[in-house]
Amino acid sequence: MAAALPLIACSLPMAAALVVRGDRARAWLLLAALTAAPVVLIAHIADASQVQSLRDHPTLLAAAALAGVLFVGGLAILFARIPRALPLAAVAMLPLRIPLSVGGSSSNLLLGLYLVVAAGALAWALPIIAGRVRGEDPARAPGALEWALAAVLVLYAVQAGYSDDTSRATENVAFFYIPFAILFVLFARLTWTPRLLGQALGVLVALALVLAGVGYLEYATRHLLLNPKVIASNQVEDYFRVNSLFFDPNIFGRFLALVLVGLMAWMLWQRTARRMAPAALAVAVIFGGLVLTLSQSSFGALLVGLAVLAGLLWNARRVALIAGVVAVVALAGALATGTLDLSSSGSAKKTTSGRSNLVSGGARLFADRPIAGHGSGSFAREYRRAERVSAERATSASHTIPITVAAEQGLIGLAAYLALLAFALARLVRGARRSVGRAAVAAAFCALVAHTLVYAAFLEDPLTWALLGVGTALAAQAADDPPAAEAEPA
């Protein structure tokens, strides 16, 4: 349990920042979490070779630290003077990952987003603490979603105390949960006007077009820029998958699918025909990039997102009935053609890209310790130990988030995860048909959740927290001004 104390120490102020009443207290707690997370991370990697090399060059280390402080300070001044620059900069950084070796393992980190989040936190918190800006009404209590997020953060830190892989749990908390929770707080307190939403969508569409273009280039040259594992797979398979500047075709496909959902929402709510042509062209280009990923989970996520949009725009029961019929017909076709053979374990393994074995192995881990699980971050190591597979195979084992949560955190963690999903969907979907912004956020979140059911990264993906933050802000705006919320955006 001693190994989990640093994680608890940085998770508690972040959890309190999510649920406390009044922005002044929230600002202090936010700065505490922002300070504690890097300290915990530096202590965690203090013995790593990369840190040792920096110790050997103290002048270089001091110069880099000074440059980082000045850069973050400059960004904070910019965000304080031009508030809309924060969400646009954060959105632009959402998909951009940089590979770094941390603590003996390679990680793809969102360094640009970390800098933006740190600067945004300073720009928001310092004026409130100094009394130059009035915060929100302290009488507005946090909702069930904030309490669920806070509970998940604290529970994950506590359950790292009996994990055999505290290192993985530490990296998840420091690299993902704390900075992304700060992003949620910042986004939830912005005023998301139709113009700002449109600008944010424009940034995402521009990024998707550029990244899809890189994917087209990879496919034309049959050469991937990143990810040696996918490069090796392409050399032995009769197909070619692209991942653009991502390190995984499925994560690249997830990003493109969510952008497509947002763009389709904008098109469905449009009343001006002349704007449809460039949007339709962008949809075609981005969808082509999605096709080249060959990501089945991303196609499924896209279908779920489009179905939610259809249900919000038209009759939800009729859309659900049509979707059910399509699913039954597709299943019948797969059985009839032999594409799916439920009587053959080998066919099931091939159809699910080997994930059926991963699910069954994770279920056995859950059965071993059903109440509290094996500890946060322990899935890969416990799976390797129980199934006697290689480290490479175990790393790819956490591809179904509910199974991973159940194996690591047991029924306790699974209940917290399900509660979080229920409260998030209740906040985002209720009243979403009133505006294109809320409908797009609700559909994109449903698509993301569908993707996580057959692949990795839920709270480890900044898109999850960003969508929850934007959806929370839009729901609050709708509650404060119902007539304006119900009006169609320009």
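Reference entry: report on the structure contained in this document.

Conventions adopted
- Residues numbered from 1 in each chain as written.
- Predicted model: local features only at pLDDT ≥ 70, side-chain atom pairs only at ≥ 80, totals over all residues.
- Heavy atoms only, no water.
- Helix = DSSP H or I, 4+ residues; strand = E, 2+ residues; numbered from the N terminus.
- Buried < 20%, exposed > 50% of the residue type's maximum accessible area, 1.4 Å probe, protein only.
- Contact = heavy atoms within 4.5 Å.
- Areas by Shrake-Rupley, 256 points an atom, 1.4 Å probe, with all protein chains shown as cover.
- Salt bridge = Lys/Arg side-chain N within 4 Å of Asp/Glu carboxyl O.
- Core = buried A, V, L, I, M, F, W, Y, C linked by side-chain atoms within 4.5 Å.
- Expected span 1.5 Å × (residues − 1).
- Bend = angle between axes of the 7 residues up to and from the residue.
- Arc of directions from axis to C-beta.
- Axes fitted to C-alpha atoms, helices over the stretch in contact; angles between N-to-C directions.
- Parallel < 35°, antiparallel > 145°, perpendicular 65-115°, else oblique.
- Left-handed = near helix turned anticlockwise from the far one by under 90°.
- Nonpolar A, V, L, I, M, F, W, Y, C, P; charged D, E, K, R; others polar.

A separate point is the overall build of the protein chain. The helix and strand inventory of the protein chain stands at 22 helices and 2 strands. Sorting the 490 residues of the protein chain into buried and exposed places 49% on the buried side. Contacts in the protein chain between residues far apart in sequence, at least 24 positions, make up 73% of those at least 6 positions apart. Only carbon and sulfur atoms are counted for the fraction: they give 67% of the accessible area of the protein chain, which is about 22,500 Å².

On inspection of all chains with the given rule, the structure shows 7 salt bridges. Across the pair D164 and R385 runs a salt bridge whose closest N-O atoms are separated by 3.0 Å. Taken together, the residues D164 in the loop between α7 (144-159) and α8 (166-188) and R385 in helix α17 (residues 379-387) connect sequence positions 221 residues apart. The salt bridge involving R381 is made with D165; its shortest N-O contact spans 3.9 Å. You can see R381 sitting in helix α17 and its partner D165 sitting in the loop between α7 and α8, a full 216 residues away along the chain. Relative accessible area serves as the criterion here: at 32%, R381 is assigned to the partly exposed category. Judged by its relative accessible area of 10%, D165 is buried.

What follows deals with the nonpolar core. Core analysis: the largest hydrophobic core is formed by 136 residues, its most contacted members being M14, L18, F187, W192, F255 and F458. Of the residues forming this core, the biggest block, 15 residues, is contributed by α8. The residues contacting F458, other than those within four sequence positions of it, are I401, Y417, L420, L421, F445, L448, V449, T452 and T464. Of all hydrophobic cores here, the second largest spans 5 residues; its members include L358, L365, Y383 and A407.

Attention now moves to helix α19 (residues 401-429). Here α19 spans only 22 Å end to end across 29 residues, well under the 42 Å set by a 1.5 Å rise per residue. Maximal helix bending in α19 amounts to about 130 degrees, located at Q409. Directly beyond the C-terminal end of α19, a positive phi value near 80 degrees is found at G431.

It is worth spelling out α17 at this point. All of the buried residues in α17 are F379, A380, E382 and Y383. The buried residues of α17 occupy one face: seen down the axis, they fall within an arc of 165 degrees. Two residues or fewer past α17, R388 is found with a positive phi of approximately 55 degrees.

At their nearest, the axes of helix α2 (residues 23-44) and helix α6 (residues 111-130) sit 9 Å apart, and the two run at 140 degrees to each other. Taken as axis vectors, α2 and α6 run oblique relative to one another. The element α2 and its partner α6 pack so that their crossing is left-handed. Touching D23, R24, R26, A27, W28, L30, L31 and L34 of α2 are A118, A121, L122, W124, A125, L126, I128 and I129, all from α6. Along the lines of polarity and charge, the residues of the contact of α2 with α6 split into 13 nonpolar, no polar and 3 charged.

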